[in-house]
Amino acid sequence: MLKYILLRSLLALAVAFTVSLAAFFLLNVATDPAQAIAGEDATQEVVDMIRARYGLDQPLPVRYFEWLGGVLRGDFGESYYWHKPVAELVAERAGVTITLALAALSVTILIAIPLGALAALNPNSWIDRMALGVAVSAQAVPNFWLGLIMIILFAVMIPIFPVSGDDTWRHFVLPAFVLGASSVPAIMRLTRTGLIEVMGADYIRTARSKGFRGGALLRRHALRNALLPVISVLAVQLGQKFGGSVITESIFAINGLGRLALESILGADIPTVQMLIFVFAIVFVAMNLLADIINAILDPRIRIG
Amino acid sequence: MPLLDVQSLVTEFPGAPGGPGNRAVNEVSFAVERGKVLGLVGESGSGKSVTGFSIMGLVDRPGRVTGGRILFDGQDLASLSGEEMRQLRGRRIAMVFQDPMMTLNPVLTIGTQMTEAITAHEKVSRAESRARARDALGQVGIPSPEERLSAYPHEFSGGMRQRVAIAIALLHNPDLIIADEPTTALDVTIQSQIISEFQRLAETHNTAVIWITHDLAIVSRLADDIAVMYSGRLVETGPVSDVLTDPRHPYTAGLIGSVPSQNTRGTRLRQIPGMTPSLGRLPSGCAFRTRCDRATEACATVPPPETHEGARGFRCIHPVHPELLTQ
Ligand SMILES: Nc1ncnc2c1ncn2[C@@H]1O[C@H](COP(=O)(O)OP(=O)(O)OP(=O)(O)O)[C@@H](O)[C@H]1O
Ligand code: SF4
Ligand SMILES: [Mg+2]
């Protein structure tokens, strides 16, 4: 088990570096960072000066290995735009994004699991059909569109939540809902099919024969088994929330990593983009690893075997 | 008054929309006295398990009991509330299910699955319920029961799981145990031990047992009465000694003819020529007609009514009578 975790962690690092490599070349091919930093109207002289100052005149492979060397020493470089270490910048902004991601995951859990369970316990009833409707529409609606609709409904027409910002918990309600909604269809369907399968299992009949019914049966025997696969998918979804925060944070003007990512991409702030992509990749792969570990802990068949 | 009195029980699974349902259990009547063992035999798919589920009130949806009555200790089970039925299950009526590989929850320890069967009905301390679970495991011959309580089902062989299921059924010394093929995965010695355990239970606690099996040798050794099932109906019932030595129904005769010697243990039912007809398209009249060498045109008209002969009953219009055959 320990060996497995170690191996997977190494693999995770390899993935993160590969992603950063690809991102590095794409960024530098798509934009001219020196031009972007200098501004549209800057003279060629200024642009050249900037190019030399930031080492942008070096060939791409040289620059990548310089970046890589820094990373291995724990140095992610300095932001072109903010003029301070990128690591500091990311650390400042991470709290907001983690809060948002966890809040979004809670929204997903609170909506998807009860809805999926109700649908499973009453298959083909109106509850089931309603749940299916929710899933289909949540899947069809893009994140940014849902975000705008929520702002219009609950911040403008019925002003119960602030339009933008990240000062109080009330600022997080709408963005967490928007970000959380995107995972509802997958988690709901997984809960529903899992619970339907479990309720038909022979061991549920055994539990009934021992004198279990209703809530006690559900708690002790059905939900635990049905939610096993759901928990690991939730961990994966949490990783995806970080990537998803790019759009949501921009819509709601939340100063987290997502917004930072968008700004630094537009501003060709390459060191910042590089570190963010690296961090997002690490988080994503780490969550996948976490999912596997949780599964192994909760399911005795995996733990031993 | 018998402990269990099943009267004209019908359990149906819905067929194609608009069509008639499949009667997995069709007009089945039998009774079991306290302290007696009834052997319920019949080919695969004849409805033995569904009969057991019907008594427990655990027929898989969308199947359901659509006719007849089940009287347990004088009470019509259909009149009980969900909670009253729950209190009966596990405590007064227990069932050992057929497939030992699937009937235990894979993510809970054996100890948890046993102690919760106790605490579902009694307020006892954790230590006491564990001690009782441990004793029950010892009772069915599981070595080092204390340690085994913390094991998971996948760490047990099929035979061990079957014994765990039996141990769970024995926890409350129930009035009635329905044991569905409870010893198929067990070796000879353990099987003997389990059978003795059931016999002891029937004697000391006056427990009534319905033993579902393919194994006529076990029935002749253990059971007081036998009920032979074919395509959802009981085709022959009566005291084991009478029915097995002198069957009336050609199907029963076929089953017995299939056992090479009464003393051979574990012999399975011979394949009587032909196949069990599927419930959806049973032949008219007697369901056994297509496989019966005594069948006449009269057998195709109506399902044979039950003929009584003392404590015995059978559904055949040309019953087997050895004394008639020899003439
Ligand atoms: N869940 C179900 N849905 C539909 N039909 C079912 C279901 N369960 C049982 N049946 C029907 O009931 C009939 C009797 O099944 P049952 O399991 O009682 O047979 P059995 O006598 O126990 O056989 P075996 O010896 O193989 O255990 C089957 O042939 C099948 O047609
Ligand atoms: S009724 Fe006819 S077909 Fe049915 S078992 Fe008797 S003889 Fe055979
Ligand atoms: Mg069966």
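Up top is the structure.
Each chain has its residues counted from 1, following the order in which its sequence is written. Chains and ligands are labelled sequentially in the order written, the chains with letters from A and the ligands with numbers from 1. Local features in this predicted model are restricted to residues of pLDDT 70 or higher, and side-chain atom pairs are both shown and tallied only at a pLDDT of 80 or more, whereas totals for entire chains, interfaces and linings draw on every residue. Note that the side-chain values use all heavy atoms of the structure and ignore hydrogens as well as water.

Engineer: Help me understand the interface of chain B and chain A in this model?
Structural biologist: It is common to give the size of an interface as the accessible area that goes away when the parts come together. Facing the 29 residues of chain B at the interface are 22 residues of chain A. For the pair chain B and chain A, the summed buried area comes to about 2,300 Å², and 57% of that belongs to carbon and sulfur atoms. One side-chain nitrogen of Lys or Arg within 4 Å of one carboxyl oxygen of Asp or Glu is enough to make a salt bridge. Inspection of the region where chain B meets chain A yields four salt bridges. As a salt-bridge pair, Glu116(B) and Lys210(A) come within 2.9 Å of each other at their nearest N and O atoms. Residues are treated as being in contact if the distance between any of their heavy atoms lies within 4.5 Å. Buried area is a sum: the accessible area each of two parts loses on coming together, probed at 1.4 Å, counted once for each and added.

Engineer: In this structure, what is going on with the packing of helix α5 (residues 86-121) of chain A against helix α8 (residues 169-181) of chain A? I would like to understand it.
Structural biologist: Any two packed helices are characterised by how steeply their axes cross, that is the angle between the axes, and by the distance between the axes. All names here are of chain A. Interaxial angles span 0 to 180 degrees and are taken between N-to-C directions of axes, which are lines fitted to C-alpha atoms, for helices over the stretch in contact. Each helix corresponds to a stretch of at least 4 residues labelled H or I by DSSP, and each strand to a stretch of at least 2 residues labelled E; elements are numbered beginning at the N terminus. Orientation of α5 relative to α8, taken along the N-to-C sense of each, is 60 degrees, at an axis distance of 8 Å. With respect to α8, the axis of α5 lies oblique. Along this stretch, α5 crosses α8, giving a crossing that reads as right-handed. Residue-level contacts link Val96, Thr99, Leu100, Ala103, Ala104, Val107, Thr108 and Ile111 of α5 to Phe172, Pro175, Ala176, Phe177, Leu179 and Gly180 of α8. Here the word oblique covers every angle except those under 35 degrees (roughly parallel), over 145 (roughly antiparallel) and from 65 to 115 (roughly perpendicular). By convention the crossing between two helices is left-handed if the near helix lies anticlockwise of the far one by an angle smaller than a right angle, and right-handed if it lies clockwise.

Engineer: Honestly, the site of ligand 1 in this entry has me stumped. Any pointers?
Structural biologist: Residues and elements named next belong to chain B. Any residue with a non-hydrogen atom lying within 4 Å of a molecule or strand is treated as near it. Neighbouring ligand 1 are 14 residues, the closest being Ser44, Gly45, Lys48, Ser49 and Gln98. Contacts described as polar in this section are N or O atom pairs within 3.5 Å, which, within protein, must combine one atom able to donate a hydrogen with one able to accept it, while residues neighboring in sequence count only if both atoms come from side chains. At a separation of 2.8 Å, an oxygen atom of ligand 1 approaches a polar side-chain atom of lysine 48. All accessibility values rest on the Shrake-Rupley procedure with a 1.4 Å probe; residue burial counts only the protein chains present in the view. Considering ligand 1 on its own, with 630 Å² of exposed area, one finds that the protein chains cover 68% of that surface. Tallying contributions element by element places helix α1 (residues 48-56) first for the shell around ligand 1, with three residues. Residues of the shell around ligand 1, tallied by class, amount to four nonpolar, seven polar and three charged. Put simply, Ala, Val, Leu, Ile, Met, Phe, Trp, Tyr, Cys and Pro go in the nonpolar bin, Asp, Glu, Lys and Arg in the charged bin, and everything else, Gly too, in the polar bin.

Engineer: Looking at this model, I keep getting lost on the packing of aromatic side chains. Mind explaining?
Structural biologist: Two measures describe an aromatic ring pair: the distance that separates the ring centres and the angle between the ring planes. Each Phe, Tyr or Trp ring, with Trp reduced to its six-membered ring, pairs with another whose centre is within 6.5 Å; inter-plane angles below 30 degrees give stacked pairs, above 60 give edge-to-face pairs, and intermediate values give tilted ones. Using the criterion set out here, one finds 16 aromatic pairs over all chains in the structure. For the ring pair Phe198(B) and Trp211(B), a centre distance of 5.0 Å and an interplane angle of 80 degrees mean the geometry is edge-to-face. Here Trp211(B) lies in strand β8 (residues 208-213) and Phe198(B) lies in helix α7 (residues 188-204), a separation of 13 residues in the sequence. Three labels apply to residues, based on accessible area from a 1.4 Å probe with only protein chains included: buried if under 20% of the type maximum, exposed if over 50%, partly exposed otherwise in between. Residue classification places Trp211(B) among the buried residues on the basis of a relative accessible area of 2%. Within the aromatic cluster, the residues linked to one another by ring pairs are Phe17(A), Phe24(A), Phe25(A), Tyr64(A), Phe65(A), Trp67(A), Phe76(A) and Phe278(A). A ring has a charge above it when a Lys NZ or an Arg CZ is no more than 6 Å from the ring centre and no more than 35 degrees off the ring normal. The residue whose ring lies beneath Arg148(B) is Phe156(B), and the NZ or CZ to ring-centre distance is 4.4 Å.

Engineer: I'm lost on the sheet that holds strand β4 (residues 64-72) of chain B in this one. Help?
Structural biologist: One key point about sheets: their strands pair by backbone hydrogen bonds, in either a parallel or an antiparallel sense. All names here are of chain B. In this description, strands pair whenever DSSP reports at least two bridges between them. Overall, antiparallel pairing links the four strands, which are arranged β2-β1-β4-β5 in an open sheet. Single-partner strands in this sheet number two, and they are β2 (22-32) and β5 (75-76). Two elements, β4 and β5, share two bridges in a ladder whose sense is antiparallel. In the sheet register, phenylalanine 72 faces β5, and the bridge partner there is glutamine 75. Where α1 meets the sheet, its contacts fall on β1 (4-13), β2 and β4, and the angle it forms with β1 comes to roughly 110 degrees.

Engineer: Where do I start with the site of ligand 2 in this structure?
Structural biologist: With respect to spatial proximity, 13 residues lie near ligand 2, and among them His249(B), Cys286(B), Cys292(B), Cys299(B) and Cys316(B) are the closest. Looking at the shell around ligand 2, its residues break down into nine nonpolar, two polar and two charged.

Engineer: Is there a simple way to explain the coordination of the magnesium ion (ligand 3) in this structure?
Structural biologist: Tetrahedral coordination by four donors places them ideally at 109.5 degrees to one another around the metal; octahedral coordination by six donors ideally gives 90 or 180 degrees. Residue and element names in this part refer to chain B. Note that water is not among the atoms used; donors are N, O and S atoms within 2.8 Å of the metal (3.2 Å for Na, K and Ca), so sites may look incomplete. Only Ser49 (OG) and Gln98 (OE1) from the protein reach the magnesium ion (ligand 3) as donors, at distances of 1.9 to 2.2 Å. Pair noted here: serine 49 is in helix α1 and glutamine 98 is in the loop between β6 (93-96) and α3 (110-119), with a separation of 49 residues, a long-range link. Given a relative accessible area of 17%, serine 49 falls into the buried group. Judged by relative accessible area, which is 37%, glutamine 98 ranks as partly exposed.

Engineer: Got a minute to help me understand unusual backbone geometry in this structure?
Structural biologist: Across residues other than glycine, the phi torsion is negative in most instances, and most of the peptide bonds are trans. All names here are of chain B. The omega torsion of the bond from arginine 61 to proline 62 falls at 0 degrees, within 30 degrees of zero and hence cis. One non-glycine residue, serine 144, lies in the positive phi region at around 35 degrees. Tracing the chain through its elements places serine 144 in the loop between α4 (126-139) and α5 (145-148). Taking relative accessible area as the criterion, serine 144 reaches 38% and is therefore assigned partly exposed. In this structure, serine 231 is a non-glycine residue whose phi angle is positive, near 50 degrees. Relative to the helices and strands, serine 231 is located in the loop between β9 (225-230) and β10 (233-239).

Any link to function would need more than the numbers given here.
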